[in-house]
Amino acid sequence: MESDDDNTVRLTNLIESVRPRLRRLIQVDPVLDLMHSIGSEQKERIRNQARAECNINAADSLINIVIKEPHGDGWFREFVDALSAGGCQYAADHVEANLSSPKVEANNDYCVRLIELLCTNLLDMKTNDVCLACLSEEILTQEDSEIILALTTNNGNMNGARELLRRIVRCRPGWFSKFLNVLHETEHLLLYQELTGGSPSNDIQGETDSPSPLTDEGELARSDAATEGEGCSIPQEESLDSVSNTTEGETDSPSPLTDEGELARSDAATEGGEGCSIPQEESLDSVSNTTEDLYNEESVETRQLVNGFRLSEPEETSTAAIAGSPKKADIVLRDYQMDVATPALEGKNIIVCLPTGSGKTRVAVYITKEHLDGRRKAGQSGKVVVLVNKVPLVDQHYNAEFWPFLKHSYKVERVSGDSTRKISFTEIVKKHDVIICTAQILENYLERAKSGEDEGVRLRDLTLLVIDECHHTTKGEVYNHIMMRYLKQKHKNSKLKKLQKEPVPIPQILGLTASPGVGGATKLEKAEEHILRICANLDACKIMTRTHAENTNKPFKKIATVEERKQDPFGDVIKRMMHAIHTHAELQPTCDLGSQMYEQWVVQKEQNAAKEKKQKVRVCAEHLRQYNEGLQLRNTIRMCDALSFLNKYQEGEMKRKVAPEEEVPIHITDTERFLFNLFKENKEEMQALAKIPAYENKSLSELKSKILHEFTSRENARGIIFTKTRRSAIALSQWIQENPKFEEIDVKACYVIGGGDQSVVKPMTSAEQKDVLNKFGSGEINVLIATTVAEEGLDIPQCNFVIRYGLVTNEIAMIQAQGRARAEDSSYTVVEVEGSGVAEKESVNEYREKMMLKAIDKIKNLNQEDYDKRIMDFQIQAIMEKTLQAQVKTKKHMKKESPSKVAFSCRGCNKHVCTGEDIEIIDNMHRVNVTAQFRELFIQRENTTLQERCLDYEANEFIACKDCGQRWGSMQLYRGLKCPSLHVKNFVVTYNGKKKANVPSKCTKWSELAIQFPAFDYITHASQMVQSSDDETE
């Protein structure tokens, strides 16, 4: 039997044997992200090497670290998995010796060589189109696409094409036929002909007399007589044997696509390459000196792309859009769609209010095209920005609508701010005709232009602004911030016209919504006023609704009411522990345990206790809040899930009381010991009760029955379950995955939750959300458990049932949730516990929906003069309110207190930590304390749940109080310096030793403090660190 040492030697030798291949196949950046056994300093050194030297040398260093002894458990599997997940599957195949036959490998080498030969001609491709199609064919990863598109935008088409060729030749065998298919589909017929040696005209004209270069499977036609490789087209006059003989001896000139000129050769390399056509007149090496070095290293331009926005590439869901793009060149609207679009086609500002599934986005695409076409005919430039309020909608609108229809005539781009690989949004706006982005990005760049920070973006640069889900254009929303800039300029223009001066151009506005809502109104007049305010904020001259008799699919609606469980021993145990805590802390609640009112009460108690330095009450209140959430969870999910939540909280609190190095307890108070023992004494009883199905909540049984019914009564069931909290979404997904009944009927569930960090539950990144939504759209997942993040805009035509699981909010959310069920014969179910009030809230929302429709009709029937007057009144009022707010904000800024007057105490033990004088601010965002005195007060722990949000700053540690273990913030790496960054919510804030009105004791964010902290003095602190290091060396 092979020993562990022998196995390690064998695996190390295996990696060494394929090192030349790995050096040219590995992309170090994405692989390093997944190699958790490699330290951050080593990763940074390898990344610097890739930037300063080349990717090949960095890959060599990575291999050295991987095979260096001693090896940890699972080192080989980690390396293989990192290669696979990092987009280097072909490299992983080499490491695992999972290769194709020698013939296929040799064929692949020849295909790589063919790309080298024809590189100069291939650089004439339309890089953006080819890149997007390659992504859909999965011969480029998303990160590859981002780099290529950014490089094309910044440095031109040829540089982007060169980078594209470098990357596709690293793929597994099979890439060449897919690349040919891409060239064919993107209408690069001459390039296609050069690579295949065939005529492209046959495909276009539909002739079938001569064989087509592509078969139905998308693979190259194979000829048994000619080759056994993957579809290689070989000239009759010259075999690959002759080519091989001319290349084997030639080593003077490096190969443009391989590592240090080493083209891997095989004795079997006499078969045809993968779809390659070898020119008759010249051998491979005869032109090697003239070809581009595509494989040797990344371009300098690529390495410099680190500070902008993620550029677009269609997802897998857009493959059809790419393949069938010529068919989508013409946009055909239905009669009712044309009716609502007509005023916008005349250049007027309108709101298009159509039910979900009626094609609002298609109307917007049509208006966009007509707008750009009209300006082009008039010899004027056009610039359209499409705003959305959620990142997944950027991808959806781009892939499904705007790019397929407009790509032939205009430059379409999408931008989202969830990537560390960024370029200037200003440049994107300059170079493209249509830009789809989240509203916050545009607002940021409008502000930059106004403040003079840089060129930014100005409203005058745009000619049409499309605002999706425009009912969010209300106070406090980013849409409203943008539109207030518009309204101010509009009214300035009125004054300029009176003075006979040239007004500043402003864009046309197009708002899209399915439901403007009523704003909480209980009377028709107030509902009408709410909608008119939205119209005023969008400067809409009309709100256009559907008048055509044709109706969209409306799901069948049902309220499923379940009885409240008669026995709840699990909940009784939790309540018993809560009563014990009340007695210990001398608290007397005035509301029911497990209610929202109780949570508000206990939060207020915790804040008051922190302010008054009553540690017993403060700690007890924190535990009571967790138990209250446990009571709420046991009414939604399984008892075992609620217990798991409570257990995880207790373990976290216990862990805080152990120092990381000495592993000795930090000071534990009598109250903390009481709370820990209380849970420990009752844990076994709760575990036993959680195993008894009879005590589970009946809502879960109803949900189970509903899911089983949908999947047994439909051929292809696909649905969304909306729930209130992130925890319940995660737990419900796990419950479905673990239930054998669901597995039998092929229920495949996953959850999608929000990306904000307000909750203690780890949020999803935009990439994670997008991945889940794409899988749901493709059918790989057929049940989506979601919080309200998925209510708006999610376009899944095949979705045929929606369940709101104990969750009812307002009429807009109800209409949006119903709209997720797009398919014929869809169902919409509300599951509620008897007496919970959910059904009553749903009825109220139905009433409000009817009131909203009446209010819209009333507004549409207004005389235009009366309508315009009311809109003008609301606009003037909004501008005055905004001006007043700005004045108040300016005065508040001027009155900012001196940092020396503010003190910060640990929220856990009330120990004085520092004053405002000790705090500095980095990039106007991060408050840090780098004083020597502060470093003596905290301990550092590994942050195992850290999300990679901002790689320039985050370090993988957090800081906590040395006395009580209360978390204070995180350790951040800033330009080589480790800086303790404080999170203000973890401190009690006092002003001159006492509470002051404008200094809240419980701050959740730094902006709540009217304190002007000094900027971080990097030079001084860096010099001190260097001096300290020199002293230690001496």
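Heads up: these notes are all about the structure in this document. Note that this is a predicted model, so its numbers are computed, not measured.

Rules of the game
Residues numbered from 1 in each chain as written. Predicted model: local features only at pLDDT ≥ 70, side-chain atom pairs only at ≥ 80, totals over all residues. Heavy atoms only, no water. Helix = DSSP H or I, 4+ residues; strand = E, 2+ residues; numbered from the N terminus. Buried < 20%, exposed > 50% of the residue type's maximum accessible area, 1.4 Å probe, protein only. Contact = heavy atoms within 4.5 Å. Polar contact = N/O pair within 3.5 Å; in protein donor to acceptor, adjacent residues only side chain to side chain. Pairing = 2+ DSSP bridges. Expected span 1.5 Å × (residues − 1). Axes fitted to C-alpha atoms, helices over the stretch in contact; angles between N-to-C directions. Parallel < 35°, antiparallel > 145°, perpendicular 65-115°, else oblique. Left-handed = near helix turned anticlockwise from the far one by under 90°. Nonpolar A, V, L, I, M, F, W, Y, C, P; charged D, E, K, R; others polar. Core = buried A, V, L, I, M, F, W, Y, C linked by side-chain atoms within 4.5 Å. Patch = residues over 30% accessible without salt bridge, like charges linked within 9 Å, V, L, I, M, F, W, Y side chains within 5 Å. Areas by Shrake-Rupley, 256 points an atom, 1.4 Å probe, with all protein chains shown as cover. Salt bridge = Lys/Arg side-chain N within 4 Å of Asp/Glu carboxyl O. Phe/Tyr/Trp six-rings, centres within 6.5 Å; stacked < 30°, edge-to-face > 60°. Lys NZ or Arg CZ within 6 Å of the ring centre and 35° of its normal.

## Looking at the overall build of the protein
Step number 1: If you tally the helices and strands in the protein, you get 39 helices and 22 strands.
Step number 2: For the protein, the proportion of its 1034 residues judged to be buried stands at 52%.
Step number 3: By sequence separation, contacts in the protein at least 24 residues apart represent 73% of the contacts at least 6 residues apart.

## Some words on the side chain of Glu443
Step number 1: Tracing the sequence through the fold places Glu443 in helix H23 (residues 439-451).
Step number 2: Relative accessible area serves as the criterion here: at 11%, Glu443 is assigned to the buried category.
Step number 3: Among the polar contacts listed, one links the side chain of Glu443 to the side chain of Arg485, at a separation of 2.8 Å.
Step number 4: Not counting residues within four places of it along the chain, the set of residues in contact with Glu443 comprises Val478, His481, Ile482 and Arg485.

## Observations regarding the pairing of strand E14 (residues 902-906)
Step number 1: Most of E14 sits inside the fold, with five of its five residues counted as buried.
Step number 2: Residue alternation in E14 divides its side chains into two sets, Val902, Phe904 and Cys906 and Ala903 and Ser905, and both sets are buried.
Step number 3: The antiparallel pairing of E14 with strand E15 (residues 912-915) creates a hairpin that spans five residues between the two strands, and Asn910 there sits at a positive phi of about 70°.

## As for helix H26 (residues 569-585)
Step number 1: Taking 1.5 Å per residue as the helical rise, H26 with its 17 residues ought to reach 24 Å, and the 24 Å between its terminal C-alpha atoms agrees with that figure.
Step number 2: Every buried residue of H26 is listed here: Phe570, Gly571, Val573, Ile574, Met577, Met578, Ile581, His582 and Ala585.
Step number 3: Buried-residue contacts for H26 involve helix H27 (596-611), helix H28 (615-633), helix H29 (639-656) and helix H30 (670-690).
Step number 4: Just past H26, the residue Glu586 takes up positive phi, approximately 60°.

## What about the side chain of Gln626?
Step number 1: Tracing the sequence through the fold places Gln626 in helix H28.
Step number 2: Those residues in contact with Gln626 that sit more than four places away from it in its chain are Phe645, Leu646 and Tyr649.

## With respect to the sheet that holds strand E6 (residues 508-513)
Step number 1: With parallel pairing, the seven strands of this open sheet are ordered in space as E3-E4-E2-E5-E6-E1-E7. Of all strands in the sheet, those bounded by a partner on one side alone are strand E3 (412-415) and strand E7 (542-545). Going from strand to strand, the sheet's axes swing by 20° on average, the running direction of each strand aside.
Step number 2: Pairing between strand E5 (residues 464-467) and E6: four bridges, direction parallel. Of the residues in E6, the one forming a bridge with Leu465 is Ile509.
Step number 3: Lying over the sheet, helix H20 (residues 360-377) contacts strand E1 (350-353), strand E2 (384-388), strand E4 (434-438), E5 and E6, oriented at roughly 165° with respect to E6.

## Some points on the packing of helix H31 (residues 698-713) against helix H32 (residues 726-738)
Step number 1: Interhelical geometry of H31 versus H32 gives an angle of 55° and a closest axis separation of 13 Å. Regarding the angle of H31 to H32, the classification is oblique. Regarding H31 and H32, the two cross each other, and that crossing is right-handed. Seen from H31, the contacting residues are Leu700, Leu703, Lys704 and Ile707; seen from H32, they are Leu732, Trp735 and Ile736.
Step number 2: In terms of residue class, the contact of H31 with H32 is made up of six nonpolar, no polar and one charged.

## Observations concerning the nonpolar core
Step number 1: In terms of nonpolar packing, the biggest core is built from 71 residues, with Phe570, Ile574, Ile707, Ile721, Ile736 and Val783 touching the most fellow members.
Step number 2: Looking at this core, the element that brings in the most residues is H28, giving eight residues.
Step number 3: The contacts of Phe570, once residues within four sequence positions are left out, are Arg634, Met639, Ala642, Leu643, Met686, Leu689 and Ala690.
Step number 4: In this structure, Val112, Cys134, Ile331 and Val394 belong to the second largest nonpolar core, which totals 68 residues.

## Points about a nonpolar patch on the surface
Step number 1: A cluster of nonpolar side chains, Met872, Ile876 and Met880, forms an exposed patch at the surface whose accessible area comes to about 280 Å².
Step number 2: Mapped onto the secondary structure, Ile876 falls in helix H37 (residues 864-894).
Step number 3: We classify Ile876 as partly exposed; its relative accessible area is 40%.

## Points about the pattern of salt bridges
Step number 1: Under the defined criterion, the tally for this structure stands at 44 salt bridges.
Step number 2: Between Lys614 and Glu612 there is a salt bridge, with its nearest N and O atoms 3.3 Å apart.
Step number 3: Residue classification places Lys614 among the partly exposed positions, given a relative accessible area of 47%.
Step number 4: Among the residues examined, Glu612 registers a relative accessible area of 43% and is labelled partly exposed.
Step number 5: Linking Glu629 and Arg727 is a salt bridge whose minimum nitrogen-to-oxygen distance equals 2.6 Å. Of this pair, Glu629 sits in helix H28 while Arg727 sits in helix H32; the two residues are 98 residues apart in sequence, bridging distant segments of the chain.
Step number 6: When salt bridges that share partners are traced, they join Glu16, Arg19, Arg23 and Asp60 into one network.

## Details of the environment of Cys961
Step number 1: Summarising the element assignment, Cys961 is placed in strand E19 (residues 954-961).
Step number 2: Distance from Cys961 to Arg907, taken between C-alpha atoms, is 9.5 Å for residues 54 residues apart in sequence.
Step number 3: When residues no more than four places from it in sequence are discounted, the contact partners of Cys961 are Ile666, Cys906, Cys909, Lys911, Leu937, Ile939, Gln966 and Trp968.

## Observations regarding the packing of aromatic side chains
Step number 1: The tally for this structure, following the rule as stated, stands at 15 aromatic pairs.
Step number 2: Measuring from ring centre to ring centre gives 5.6 Å for Trp1006 and Phe1013, while their planes differ by 90°; the resulting arrangement is edge-to-face. Here Trp1006 and Phe1013 have matching classes, each one buried.
Step number 3: In this structure an aromatic cluster arises from ring pairing among Phe904, Phe934, Phe938, Trp968, Phe987, Trp1006 and Phe1013.
Step number 4: Taking the ring centre of Tyr445 as reference, the NZ or CZ of Arg448 above it sits at 4.4 Å.

## A word on the sheet that holds E15
Whether parallel or antiparallel, the strands of a sheet pair through hydrogen bonds between backbone atoms.
Step number 1: Overall, antiparallel pairing links the three strands, which are arranged E15-E14-E22 in an open sheet. Either end of the sheet is taken by a strand with one partner, and the two such strands are E15 and strand E22 (987-991). Each strand axis lies, on average, 25° off the axis of its neighbour in the sheet, ignoring direction.
Step number 2: Sheet topology note: the E14/E15 ladder contains three bridges and is antiparallel. By the bridge assignment for E15, Ser905 is matched with His912.

## Things to note about the environment of Val182
Step number 1: Note on placement: Val182 falls in helix H13 (residues 175-185).
Step number 2: The buried category is assigned to Val182, whose relative accessible area is 1%.
Step number 3: Residues Val182 and Asp129, 53 residues apart in the sequence, show an inter-C-alpha distance of 9.1 Å.
Step number 4: Those residues in contact with Val182 that sit more than four places away from it in its chain are Val130, Ala133, Cys134 and Glu137.

## Observations regarding unusual backbone geometry
Step number 1: Unlike most non-glycine residues, Gln500 shows phi in positive territory, near 55°.
Step number 2: Overall, Gln500 belongs to the exposed group, its relative accessible area being 75%.

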